[in-house]
Amino acid sequence: MKRLVIASLFATTLLGAQAQSFTDHARVRSAEPQYETVNVPRNECTSQWINEDRRGAYQPQERQQNRQYGGAIVGGLAGGVLGHQIGGGSGKDAATALGVVLGAITGDRLENRNQAPQYSQNSQYPQYAQYQDGQREVQRCRTVNDRQSRITGYRVTYEYRGQHYTTMMRSNPGHNLPVRVSVQPMEQY
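Residues numbered from 1 in each chain as written. Predicted model: local features only at pLDDT ≥ 70, side-chain atom pairs only at ≥ 80, totals over all residues. Heavy atoms only, no water.

> Mind showing me how you'd approach the state of the cysteines here?
By definition, a disulfide links the sulfur atoms of two cysteines through a covalent bond. Across all of its chains, the model carries 1 disulfide by this definition. Across the disulfide, Cys 45 is cross-linked to Cys 141 (sulfur-sulfur distance 2.0 Å). Linking Cys 45 and Cys 141, the disulfide has an S-S dihedral of approximately 105° and is accordingly described as right-handed. With Cys 45 in strand E1 (residues 20–52) and Cys 141 in strand E3 (residues 135–160), this residue pair connects regions lying 96 residues apart in the sequence. (Disulfide = S-S within 2.5 Å. Helix = DSSP H or I, 4+ residues; strand = E, 2+ residues; numbered from the N terminus.)

Listed below in structure tokens is the structure:
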């Protein structure tokens, strides 16, 4: 029994010694890039002006307020009519013009009385700095995922001695691909 085991080990060693391998080149038929889709996170930020009310809560406020001009128009018309009735002779035209100007100013102030003027911190008029009290800019950010495609490798189809093979590779091999060829004898029954 020992002799049989030793003989089979010796035969296996001889067969292994007869197996040869060498390097050759195969012709690349195609190299198709393979992609994967990944999420790449980025921050997206927005700014908003807020006012603090008397209770300490913050309320959002738009940076630009829409100014109304209807009061100035109506006030100018009413002031013009009153000025025309007050004046007499050549002073009638001056009284009408003065009535239009004063009426427009008054109408504008009445129409826009609840809108606080918006002045920047770098204003050349420091007397308006009181309007900056209680206002501050708040920046809110959130994470957004952008989908991007990345190449993970190449599906390479190559031909060696009339046979076609396919494998995955990290990089594009070009026109030729080095291959390792192993030759070993077949057992005969």
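> Explain the environment of Thr 46 here, please?
Looking at where Thr 46 falls in the secondary structure, it is placed in strand E1. What Thr 46 contacts, discounting residues up to four positions off in sequence, is Val 138, Gln 139 and Arg 140. (Contact = heavy atoms within 4.5 Å.)

> What am I meant to see in the packing of helix H2 (residues 70–86) against helix H3 (residues 91–111) here?
Packed helices, taken two at a time, are described by the angle their axes make and the gap between the axes. Where H2 meets H3, the closest approach of the two axes is 6 Å, and the angle between their N-to-C directions is 150°. When the axes of H2 and H3 are compared, the pair comes out roughly antiparallel. Both H2 and H3 take part in a crossing whose hand is right-handed. Counted together, Gly 71, Ala 72, Gly 75, Gly 76, Gly 79, Gly 80, Gly 83 and His 84 of H2 and Lys 92, Ala 95, Thr 96, Gly 99, Val 100, Gly 103, Ala 104, Gly 107, Asp 108 and Glu 111 of H3 form the full contact between these two elements. Residues belonging to the contact of H2 with H3 are distributed by class as follows: 4 nonpolar, 11 polar and 3 charged. (Axes fitted to C-alpha atoms, helices over the stretch in contact; angles between N-to-C directions. Parallel < 35°, antiparallel > 145°, perpendicular 65-115°, else oblique. Left-handed = near helix turned anticlockwise from the far one by under 90°. Nonpolar A, V, L, I, M, F, W, Y, C, P; charged D, E, K, R; others polar.)

> I tried to follow the pairing of strand E4 (residues 163–169) on my own but got confused; where do I start?
The two faces of a sheet get side chains in turn, since along a regular strand they alternate between them. Pairing geometry for E3 and E4, over 7 bridges, is antiparallel. Among the inter-strand pairings, Val 156 is bridged to a residue of E4, identified as Thr 167. Hairpin remark: E3 followed by E4, antiparallel, with 2 residues in the connecting loop; positive phi at Arg 161, about 50°. (Pairing = 2+ DSSP bridges.)

> Before we go on, may I ask you to explain the confidence of the model for the protein in this structure?
Caution applies to low-pLDDT parts of the model: their predicted coordinates are not meant to be read in detail. The predicted model of the protein has a mean per-residue pLDDT of 76, with 70% of residues at 70 or higher. Confidence scores differ between elements of the protein, with strand E2 (residues 58–61) showing the lowest mean pLDDT of 48 and E4 the highest of 94. Note on residues 119–125: pLDDT is under 50 here. Beyond four places in sequence and across chains, it has 5 contacts. When the criterion is pLDDT under 50, residues 127–132 qualifies, and its contacts beyond four places in sequence or with other chains add up to 7 contacts. (pLDDT = per-residue confidence, 0-100.)

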